Amino acid sequence: MADTLWPLVDPAGAPDNEQREFFLRLFVECYVKDAQGQEPDIRDWQGKRVKFHTPNFDHAFSEASNYRLSSGIHDVPLSMRRAQRMLWIKEALAGSSGTIEVRAQHRKDSRGRMRKRRTLIVVEEHYVVVLQACEKEGYEFEFVTAFPADQAYLDKIRRESALLEIKKPQSYGD
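Nothing here was measured: the structure is a model prediction, and the numbers come from that model.

> Quick question: what am I supposed to make of empty space enclosed by the protein here?
Rolling a probe over the atoms, with the probe sized like a water molecule, indicates the empty space that remains. A complete count under the given rule lists one cavity of 30 Å³ or more for this structure. Approximately 50 Å³ is the volume found for the largest cavity. Around the largest cavity sit Asp44, Trp45, Gln46, Val102, Arg118, Leu120, Leu131 and Glu165, which together line it. Along the lines of polarity and charge, the residues of the lining of the largest cavity split into four nonpolar, one polar and three charged.

> Quick question: what am I supposed to make of the sheet that holds strand β4 (residues 127-133) here?
Hydrogen bonds along the backbone pair up the strands of a sheet, which may run parallel or antiparallel. Across the sheet, which stays open at both edges, the six strands sit in the order β1-β5-β4-β3-β2-β6 with mixed pairing between neighbours. Single-partner strands in this sheet number two, and they are β1 (50-51) and β6 (162-167). Relative to strand β3 (residues 114-122), helix α5 (residues 151-159) is tilted by about 135°, and along the sheet it contacts β2 (100-108), β3, β4 and β5 (141-148).

> Looking at this structure, how should I read helix α1 (residues 19-32)?
Because each turn of an α-helix spans 3.6 residues, side chains separated by three or four positions end up pointing in the same direction. When the terminal C-alpha atoms of α1 are compared, their 19 Å separation across 14 residues agrees well with the 20 Å that a helix rising 1.5 Å per residue should span. Here α1 has its buried residues at Gln19, Phe23, Leu26, Phe27, Cys30, Tyr31 and Val32. For α1, the angular spread of the buried residues around the axis is 165°, confining them to a single face. Residues of α1 that are buried in the fold lie against α2 (56-60), α3 (80-83), α4 (88-94) and β5.

> Help me understand the nonpolar core, please; the structure alone is not making it clear to me.
Within soluble globular proteins, side chains that are nonpolar tend to cluster in buried spots. Residues Phe27, Phe52, Ile89, Val129 and Phe143 are the most contacted members of the largest nonpolar core, which totals 30 residues. When contributions to this core are tallied by element, the ones reaching two or more residues are α1, α2, α4, β3, β4 and β5. With sequence-adjacent residues up to four places away left out, Phe27 is seen in contact with Val32, Phe52, His53, Thr54, Asn56, Phe57, Phe61, Met86 and Phe143. By size, the runner-up hydrophobic cluster in this structure holds eight residues, among which are Ile121, Phe147, Ala149 and Ile157.

> Explain the packing of aromatic side chains here, please?
Centre distance and the angle of the planes are the two values used to describe a pair of aromatic rings. For the structure on display, the rule yields twelve aromatic pairs. Ring plane angle 40° and centroid distance 5.6 Å describe the contact between Phe27 and Tyr31, whose orientation is recorded as tilted. Of this pair, Phe27 and Tyr31 both sit in helix α1, four residues apart, which is roughly one turn of the helix. Here Phe27 and Tyr31 have matching classes, each one buried. Ring geometry for Phe57 and Phe61: centres 5.2 Å apart, planes at 40°, overall tilted. Residue class for Phe57 comes out buried when judged on its relative accessible area of 1%. By relative accessible area, Phe61 is classed as buried at 0%. Over the ring of Tyr31 we find Lys90, and its NZ or CZ is 5.4 Å from the ring centre.

> Looking at this model, I keep getting lost on the environment of Arg103. Mind explaining?
Relative to the helices and strands, Arg103 is located in strand β2. It is 9.5 Å that separates the C-alpha atoms of Arg103 and Val130, two residues lying 27 residues apart in sequence. Filtering out sequence-adjacent residues up to four positions away, Arg103 remains in contact with Arg117, Arg118, Thr119, Ile121, Ile157, Arg158, Ser161, Ala162, Leu163 and Leu164. A polar atom in the side chain of Arg103 sits 3.2 Å from the backbone oxygen of Arg158.

> What is the right way to look at the side chain of Lys51 in this model?
Here Lys51 is to be found in strand β1. Not counting residues up to four positions away in its chain, the partners in contact with Lys51 are Glu39, Cys134, Lys136, Tyr139, Phe141, Glu142 and Phe143.

> Explain the pairing of β4 here, please?
One face of the sheet, then the other: side chains in a regular strand alternate in exactly this way. Most of β4 is tucked away, with six of its seven residues classed as buried. Two elements, β3 and β4, share six bridges in a ladder whose sense is antiparallel. Its bridge partner lying in β4, Leu120 is registered against Val129. Count of turn residues in the β3/β4 antiparallel hairpin: four residues, of which His126 carries a positive phi of about 55°. Judged from the seven bridges that link them, β4 and β5 form a sheet pairing that is antiparallel. Note that in β5 the partner of Val130 across the bridge is Thr145.

What counts, and where the lines are drawn
Residues numbered from 1 in each chain as written. Predicted model: local features only at pLDDT ≥ 70, side-chain atom pairs only at ≥ 80, totals over all residues. Heavy atoms only, no water. 1 Å grid on protein atoms, 1.4 Å probe; cavity = no way out; pocket = protein on both sides within 12 Å on 5 of 7 lines; lining within 4 Å. Points joined across faces, edges and corners; volume = space filled by probe spheres on them. Nonpolar A, V, L, I, M, F, W, Y, C, P; charged D, E, K, R; others polar. Pairing = 2+ DSSP bridges. Helix = DSSP H or I, 4+ residues; strand = E, 2+ residues; numbered from the N terminus. Contact = heavy atoms within 4.5 Å. Axes fitted to C-alpha atoms, helices over the stretch in contact; angles between N-to-C directions. Expected span 1.5 Å × (residues − 1). Buried < 20%, exposed > 50% of the residue type's maximum accessible area, 1.4 Å probe, protein only. Arc of directions from axis to C-beta. Core = buried A, V, L, I, M, F, W, Y, C linked by side-chain atoms within 4.5 Å. Phe/Tyr/Trp six-rings, centres within 6.5 Å; stacked < 30°, edge-to-face > 60°. Lys NZ or Arg CZ within 6 Å of the ring centre and 35° of its normal. Polar contact = N/O pair within 3.5 Å; in protein donor to acceptor, adjacent residues only side chain to side chain.

Take a look at the structure:
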């Protein structure tokens, strides 16, 4: 595999039938509640706090075998392409490497309500992290999903959203 900005998660040692549980446990411990039951304080590079929910796992780390024809229905219950990049979510939020486009749009949620969305595109990785405005006190955003995207999908996101910011990689001396 080509070099990436951040390492992929290797589920080595987890049998195929236990990989979903391995990644679910990792998601919960890293983003929802740690081993001591504490909610981690996850923020973007501007200090805006992001809320994660356990039920997001099923959507964020599954995928449609053909997204163009799926109408948003995921028929692959665990996407290794998505799951192995799970720890990239924190890196993208922190803006730790790469060029990150921050884009805004309004989309209907699963209940038909218009929601403000913020999409981070890690340009070098074609990696997308989707957040939406959060109504819970103390949080600006809540996590929706994250995935590697092809160029056609990135072009679609760019057509349907407004560019808010481009975060360039930091160099020494900045």
